[in-house]
Structure formats: C-alpha cells, structure tokens
Amino acid sequence: GGGGGVMDVNLTAGTVSNEAYKKYYQKVPKPRKHAPPLQIAHLPFYNLLGLGERRLCAMVRLFPQQYLVIKDTILRECEKRTVSKTHLRNIVNIESSKANALLEFFERCGWLHPVIGGRSLPGTVAAVDTVLLTGGASLSAAGVAGA
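Residues numbered from 1 in each chain as written. Predicted model: local features only at pLDDT ≥ 70, side-chain atom pairs only at ≥ 80, totals over all residues. Heavy atoms only, no water.

Novice: Could you clarify how one ought to interpret the overall build of the chain in this entry?
Specialist: A tally of helices and strands in the chain yields 6 helices and 6 strands. Put simply, the chain runs from its N terminus to its C terminus through helices and strands in the order β-β-α-α-α-β-α-α-β-β-β-α. Across the 147 residues of the chain, 31% fall into the buried class. Put simply, of all contacts in the chain between residues at least 6 apart along the chain, 49% involve residues at least 24 apart. (Helix = DSSP H or I, 4+ residues; strand = E, 2+ residues; numbered from the N terminus. Buried < 20%, exposed > 50% of the residue type's maximum accessible area, 1.4 Å probe, protein only. Contact = heavy atoms within 4.5 Å.)

Novice: It is not clear to me how the packing of helix α2 (residues 51-60) against helix α5 (residues 96-109) should be interpreted in this structure. Could you clarify?
Specialist: α5 packs onto α2 with a crossing angle of 165° between their chain directions and a minimal axis gap of 11 Å. The orientation of α2 relative to α5 falls into the category roughly antiparallel. For the crossing formed where α2 meets α5, the hand is right-handed. Listed contacts from α5 to Gly52, Glu53, Leu56 and Val60 of α2 are Lys98, Ala101, Leu102 and Phe105. Each residue belonging to the contact of α2 with α5 can be placed in one class, and the counts come to 5 nonpolar, 1 polar and 2 charged. (Axes fitted to C-alpha atoms, helices over the stretch in contact; angles between N-to-C directions. Parallel < 35°, antiparallel > 145°, perpendicular 65-115°, else oblique. Left-handed = near helix turned anticlockwise from the far one by under 90°. Nonpolar A, V, L, I, M, F, W, Y, C, P; charged D, E, K, R; others polar.)

Given below as structure tokens:
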C-alpha cells in the first residue's frame, strides 16, 4: 500500500490497485460520442415540417410528431403568459440540450422573444437562463417554419 495520497502502483507489472483505480479513474468522465443525425424522411408528419425544422429534428434526434407536440406546447404556453426558459424545459420534459436547441430555433424564427427590462426584444437570443420569453406570433401565423 501507499500512504499520503500516493497510488499503489506496481510499475513492473503495470497494474494499479483496485482502490487506487476507484479513487482516481472512475471520476474521469468518458468522452461522449455524438450520435449521427436521425433519419426522419420516412416518418409520419415529416411533410408538415419546414426545411429548418427537418434539419433541427434530425440533429437533435426528435421524431417529427414529437417535435410538433413540443412546438405546440411551448408556443401555446408563451401565448398565455411570459414564462422562463426553465419553465418551458420542465413542461416539455426532454433533455435540456434538446430543449435549449428548440428554444434557440424558435427565437431565431421569431416565434419567441426574450423579455428584458419589461420590453420584448425581437430577434435577440437570450444569454441567461432567467430571461423570460413571450410569444411572438400566433400559432396560425407560426405555421410551418421555412428557416
């Protein structure tokens, strides 16, 4: 064994004790492999998506039907009142990275606007999570994205 925080290493055998392995190596996160874009052209409701929405769904790996339900939920919630990004992420119940990508896309399309100091600023992407969002277009006007 070794004391004072030194790993128990057998240099001749090239091994590390089990305790040392657990202490030092299990905490290191494994690099994440990015999944390839999802093939969605054959899926139901694909024809209802604009080109930008198709790209988004493929990259974040959402089925078109899932995306349409999430889009509807988020836009309806924002039509009712001003809400936080955290609230929107919680109500759609998907990974935060996917939710963030969707919210950024909706902002770029002009469907959501950050509210800073009580004013809606169209075309501005929120830099902080606590920024509130308000709907920028009705659902009928939002329709299908071509972005």
